[in-house]
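# Fold and contact review
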Amino acid sequence: MLNRTTNDERITLAHGSGGKAMRDLIQNLLVPTFNNPILDNLEDQATIPLGQLLQHGDRLAFTTDSYVVDPLFFPGGNIGELAVNGTVNDLAVSGARPLFLSCGLVIEEGFPLDTLALIASAMKQAADRAEVSIVTGDTKVVEKGSADKLFINTAGIGVIREGVAMAATRAQAGDAIITNGFIGDHGVAILLARNELALEADVQSDTQPVHDLVSHMLDVCSNIHCLRDATRGGLATVLNEFASASKVSIQINEAHVPIRETVRGACEILGLDPLYLANEGKIVAAVPYENAHELIEAMRDHPLGKHSAIIGSVNASPAGIVMLATTFGGTRIVDTLVGDQLPRIC
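Worth saying up front: this structure is predicted, and the values here are computed from it rather than measured.

Scoring rules and cut-offs
Residues numbered from 1 in each chain as written. Predicted model: local features only at pLDDT ≥ 70, side-chain atom pairs only at ≥ 80, totals over all residues. Heavy atoms only, no water. Pairing = 2+ DSSP bridges. Helix = DSSP H or I, 4+ residues; strand = E, 2+ residues; numbered from the N terminus. Axes fitted to C-alpha atoms, helices over the stretch in contact; angles between N-to-C directions. Left-handed = near helix turned anticlockwise from the far one by under 90°. Contact = heavy atoms within 4.5 Å. Expected span 1.5 Å × (residues − 1). Buried < 20%, exposed > 50% of the residue type's maximum accessible area, 1.4 Å probe, protein only. Salt bridge = Lys/Arg side-chain N within 4 Å of Asp/Glu carboxyl O.

With that settled, consider the pairing of strand 9 (residues 249–253). Two strands pair when backbone bridges link them, and strand 9 and strand 11 (residues 309–315) are joined in this way by four bridges, in the antiparallel orientation. Note that in strand 11 the partner of Gln-251 across the bridge is Ser-313. In terms of strand pairing, strand 9 meets strand 12 (residues 322–325) through four bridges, oriented parallel. From the neighbouring strand, Ile-252 faces strand 12, where its bridge partner is Leu-324.

Remark: helix 7 (residues 211–220) packs on helix 10 (residues 289–300), axes separated minimally by 10 Å, with the N-to-C direction vectors making an angle of 145°. Every pair of crossing elements has a handedness; the one defined by helix 7 and helix 10 is right-handed. Side by side, helix 7 and helix 10 meet where Leu-213, His-216, Met-217 and Val-220 of the first sit next to Glu-294, Leu-295, Ala-298 and Met-299 of the second.

Given a rise of 1.5 Å per residue, 13 residues ought to cover 18 Å, and the 19 Å separating the end C-alpha atoms of helix 8 (residues 234–246) matches this to within 8%. Along helix 8, 10 of the 13 residues are buried, which leaves the element largely enclosed by surrounding structure. Listing the buried residues of helix 8 in full gives Gly-234, Leu-235, Ala-236, Thr-237, Val-238, Leu-239, Asn-240, Phe-242, Ala-243 and Ser-246. Where the residues of helix 8 are buried, they touch strand 7 (176–179), strand 8 (226–229), strand 9, strand 10 (283–287), strand 11 and strand 12. Lys-247 sits one or two residues past helix 8 and shows a positive phi near 55°.

Per the stated rule, a full pass over the model turns up 13 salt bridges. Of the charged contacts, one joins Asp-138 and Lys-140 as a salt bridge, the two residues approaching to 2.6 Å between their closest N and O atoms. Here Asp-138 falls in the partly exposed class, since its relative accessible area comes to 37%. Arg-300 is the salt-bridge partner of Glu-297, the closest N and O atoms lying 3.4 Å from each other. Pair noted here: Glu-297 and Arg-300 are both in helix 10, with a separation of three residues, about one helical turn.

Purely geometric stuff here, so don't read any function into it on its own.
Take a look at the structure:
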């Protein structure tokens, strides 16, 4: 049996061979950690009763994502927590209630077993917080040097509540653009955790599940037009996706975009634009203007929306363009991100 407190045990190629070592890894570490009746069956698939899904809505939402963040542990979270929250959030912004996740692990030979146990435990805690179950998975081990410590793939299933139809194509002239709080925290937290620069700042990643906040928003306004989580590429990328898909113009006001002073200061020193920095617990929505103020007030009553704000508006033209009204009184185009400001951010 694996001893999860012994710090000199490490992953070997045998843990991915399909034999006894792999069985021990799964049965003595992963299954007891994730701990639910569907996973306990150890079949090659998770069997989920359809009736259980239909209780929550009328359409299935399905998503998948892979996580290669470096470093694995950072202020405010780690790769395991990030993998769960990221997939939960991809479901949530469709209006779905997240229910079930899979977990695929690609582990480098030599990876410490106690570190793997910590990450698995973080995944379980994040899943419990989001009220989802990790019901199936896979483990692969690659030779030392063939990967960088640990990569995680998570896929998720949720059910979309009836009457909800949010899509990037639905933004309309007159809509308000809203977000639930400070942008750029995750990107700066990862940058500082890499210790590549002589910067000191107390910035925590915002990794968190937003499904309950989204549900709260839909209770107030079921006619949200567009909703996305602003991960890689940040706020600017989401707004460009809305503008392009809906053939509208979006203008945001720099003074209204919530950014922590520590994040703003780090960006100024490093020459980064916070509009493009990754987030892991921030959503961006286009909503009918007549519902915007009521929605913001309701969001501010939720723990994940205390700093929610109306940051801009949707106009008919010029189609496909995002503009920023600067604090200096001018305007500039906020284009689609070219390249990657910070690789391996999630």
